[in-house]
Amino acid sequence: MNSPAAVLYDHPGPRARARNRILTAVIGVLALLVVYWVYGAFANAGQWDAYLWKPFLESSTWTQYIIPGLIETLKAAALSMVLALAFGLVFAVGRLSKHRWVSVPAGIVVEFFRAVPLLLMIFFVFFGLPYITGGAVPAFVAVVAGLTLYNGSVLAEAFRSGIKAVPRGQSEAAYAIGLRKSAVMRYVLIPQAARLMLPVIVGQLVVLLKDTALGYIVALPELMQRGVNDLSANYGNVVAAAIVIAAIYIIMNALLTRFAVYLERRSSRLPRTKAAPDLPVQISEPQG
Amino acid sequence: MDVFTDPANLEAYRQGFVWVLELTVVSAVCALILGAILAGFRVSPIPVLRWIGSGWVNIFRNTPLTLIIFFCYFALYSTLGLKFSNQVTINNFWLGVLGLSVYTAAFVCETIRSGIGTVPVGQVEAARAIGLSFFQVLTLVVLPQAIRSVIAPMGSILIALAKNTTIVGTIGVIEASTVMKDLINSNGDQVIQIFAVFALTFAIFLVPTGYFFGWLSNRLEVKR
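A. Region of interest: the overall build of chain A. A count of helical and extended segments in chain A gives eleven helices and zero strands. Relative to its length of 288 residues, chain A is extended, with a C-alpha radius of gyration of 24 Å against a globular reference of 19 Å. Taken over the C-alpha atoms alone, chain A extends approximately 75 × 70 × 30 Å along its principal axes. Counting only residues that meet the buried cut, chain A has 40% of its 288 residues in that class.

Now the structure itself:
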């Protein structure tokens, strides 16, 4: 074991091993009791009855509910990811601008959208905008708009700290060979910042994918709406449906997270810039 | 007429944010305690505890909070009959706290664990050398230093928790976002003012909180 945790306790000797074995047995039995208790609670409520779980073995359940919902979720997530990355890039550069009339408004926008709950923005676009524009706003637009503004602002901060972490010599050298400000940003700073911040960026995209479930609240036919709400309305199996759909979300996010870890390993193989160890610890925010 | 001059609306606005505050504080306490215990599990010498810890984190961190809250209400309460109180609103409040806590605890656990990684090996080796047990090493030496190094990310988690409380509106707690939705639907001519007031209330509380945690983390950082 090489994890940092491994040093928290001595290499177990014979007595410690015996004690650990006893503790393992005791805790294992306790854990099994909890599992059994949950199983019993489900059984008492009749939640293991085959008819509740059988719909998941039929192809029509998947083709009518789960897969269309999954596609809608992925569509909303993909579009929001692209827009959020663009938003983040623009506002990160804007906030770093030397002109105060650019950097101050950009900073206010980023801080504002980071502080406002995503659901509030979605509600504003979905329920509020129709009163202003006079036409209905599709739930899809509301969800994508909310996800873009919120995650774009978080990404803007990630990009900004990434750009600031690129060693000063890089931009000085770029200016010295006669590049203009925009070229320094585009050719020198952003590519390095993006590489430095890649794990954070992918982490935020996982958050974004998960946040699409907020679409359920405004009746967007995404995975949770179709797979849990509509499906259980038809088959009366809300517990089973919620568990199956949760498993799908967990698998999707685990794959994306694994991808992030892979990218992190890969980028740490590359020659490190000097600033890398000083990178601010930034954990993607666990919104919704 | 301005929507916020109506005392009924003003009261709804106040009550909405009181719910947000209560949900945040209660869930934060539960999540911090639970998260610290889970972090202890994840670094413990006993494999079963490590499995429980990592299972918890992988399940709850990767499930959308909306789905967890939904599950608390429709599965735990409606189907399985879990009940905290006979009063409907209070019961929904605690179901919301349950969902928010188990979800946030997963993030707290991971943050504390990353903090444990920042404690120098020498600290732990010294603690072990004077004969402290695993539990003593963890609670007396490692956790106090680990927590001080993760104040800033912990602050973001708590801020995210405050924003996440709006999701509890889906199970019938009339918190800020639900109040805003209702006000918008009954005052279609003042949509922008309504959104501005609710959004700015969040911003006024949460932006300084973010800076406060930044300041606190600088202040409490273990200087090495």
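Still to come is the rest of the account.
B. Broad picture of the overall build of chain B. When helices and strands are tallied, chain B shows nine helices and zero strands. Each principal axis of the C-alpha atoms in chain B carries an extent, and together these give about 70 × 45 × 25 Å. When each of the 224 residues of chain B is scored for burial, the buried share is 48%. Here the contacts in chain B between residues at least 6 apart in sequence split such that 75% fall between residues at least 24 apart.

C. Representation of the environment of B:Val102. The topology assignment puts B:Val102 in helix H4 (residues 88-118). If we skip the residues at most four places from it in the chain, B:Val102 touches B:Phe60 and B:Ile68.

D. Molecular detail of the interface of chain B and chain A. Each side of the interface is counted separately: chain B has 57 residues, and chain A has 51 residues. A class-by-class count of the residues in the side of chain B that touches chain A yields 38 nonpolar, 15 polar and four charged.

E. Region of interest: the packing of H4(B) against helix H7 (residues 151-164) of chain B. Residue and element names in this part refer to chain B. Between H4 and H7, whose axes approach to 10 Å, the crossing angle comes to 165°. Here H7 runs roughly antiparallel to H4, going by the angle between their axes. The element H4 and its partner H7 pack so that their crossing is right-handed. Residue-level contacts link Leu 100, Thr 104, Phe 107, Val 108 and Thr 111 of H4 to Pro 153, Met 154, Ile 157, Leu 161 and Asn 164 of H7.

F. Expanded view of helix H8 (residues 176-186) of chain B. In terms of residue burial, H8(B) counts as a mostly covered element, since eight of its eleven residues are buried. Against helix H5 (118-133) of chain A together with helix H1 (7-42) and helix H9 (191-220) of chain B lie the buried residues of H8(B).

G. Here's a closer look at the nonpolar core. A:Ile122, A:Val143, A:Ala242, B:Leu67 and B:Met180 are the most contacted members of the largest nonpolar core, which has 142 residues in total. Top element by residues in this core is H4(B). It accounts for 14 residues. Excluding residues within four positions of it along the chain, B:Leu67 makes contact with A:Ala213, A:Met224, A:Val228, A:Ala242, A:Ile245, A:Ala246 and A:Tyr249.

H. Spotlight on the confidence of the model for chain A. Model confidence for chain A is summarised by a mean pLDDT of 87, while 90% of its residues fall at 70 or above. With pLDDT under 50 throughout, residues 273-283 of chain A is counted as low confidence; its partners more than four residues away or in other chains account for 19 contacts.

I. View of unusual backbone geometry. All names here are of chain A. Unusually for a residue other than glycine, Ala 219 sits at a positive phi of about 60°. Considering the arrangement of structural elements, one finds Ala 219 in the loop between helix H9 (198-211) and helix H10 (223-235). Classification of Ala 219 by C-beta neighbours within 10 Å gives exposed; the count is 12.

J. Region of interest: helix H6 (residues 139-165) of chain A. Its 27 residues place the ends of H6(A) 38 Å apart at the C-alpha level, agreeing with the 39 Å of an ideal helix rising 1.5 Å per residue. Most of H6(A) is tucked away: 21 of the 27 residues are buried.

K. Representation of the environment of A:Ala158 within the structure. Residues and elements named next belong to chain A. Residue position: Ala 158 is located in helix H6. For Ala 158, a count of 25 C-beta atoms within 10 Å gives the class buried. In this structure the C-alpha to C-alpha distance between Ala 158 and Leu 89, which are 69 residues apart in sequence, comes to 9.4 Å.

L. Representation of the confidence of the model for chain B in the model. Residue and element names in this part refer to chain B. In this model, chain B carries an average pLDDT of 92, and 100% of its residues clear a pLDDT of 70 or more. When mean pLDDT is taken per element in chain B, H1 scores highest with 95 and helix H5 (residues 121-129) scores lowest with 91. Here the prediction assigns the complex a pTM of 0.89, and the interface score ipTM is 0.91.

M. Region of the structure containing the packing of H4(B) against helix H6 (residues 134-149) of chain B. Residue and element names in this part refer to chain B. The geometry of H4 relative to H6 is characterised by a closest axis approach of 8 Å and an angle of 110° between their N-to-C directions. Classified by the angle between their axes, H4 and H6 sit roughly perpendicular to one another. Here Ile 112, Gly 115, Ile 116 and Thr 118 of H4 lie close against H6, whose contacting residues are Val 142, Ala 146, Ile 147 and Ser 149. Along the lines of polarity and charge, the residues of the contact of H4 with H6 split into five nonpolar, three polar and no charged.

Thresholds, definitions, all that
Residues numbered from 1 in each chain as written. Chains lettered and ligands numbered in written order. Predicted model: local features only at pLDDT ≥ 70, side-chain atom pairs only at ≥ 80, totals over all residues. Helix = DSSP H or I, 4+ residues; strand = E, 2+ residues; numbered from the N terminus. Rg over C-alpha atoms; globule rule 2.2 N^0.38 Å. Buried ≥ 20, exposed ≤ 12 C-beta atoms within 10 Å, placed from the backbone. Contact = placed C-beta atoms within 7 Å. Nonpolar A, V, L, I, M, F, W, Y, C, P; charged D, E, K, R; others polar. Axes fitted to C-alpha atoms, helices over the stretch in contact; angles between N-to-C directions. Parallel < 35°, antiparallel > 145°, perpendicular 65-115°, else oblique. Left-handed = near helix turned anticlockwise from the far one by under 90°. Core = buried A, V, L, I, M, F, W, Y, C linked by C-beta atoms within 7 Å. pLDDT = per-residue confidence, 0-100. Expected span 1.5 Å × (residues − 1).

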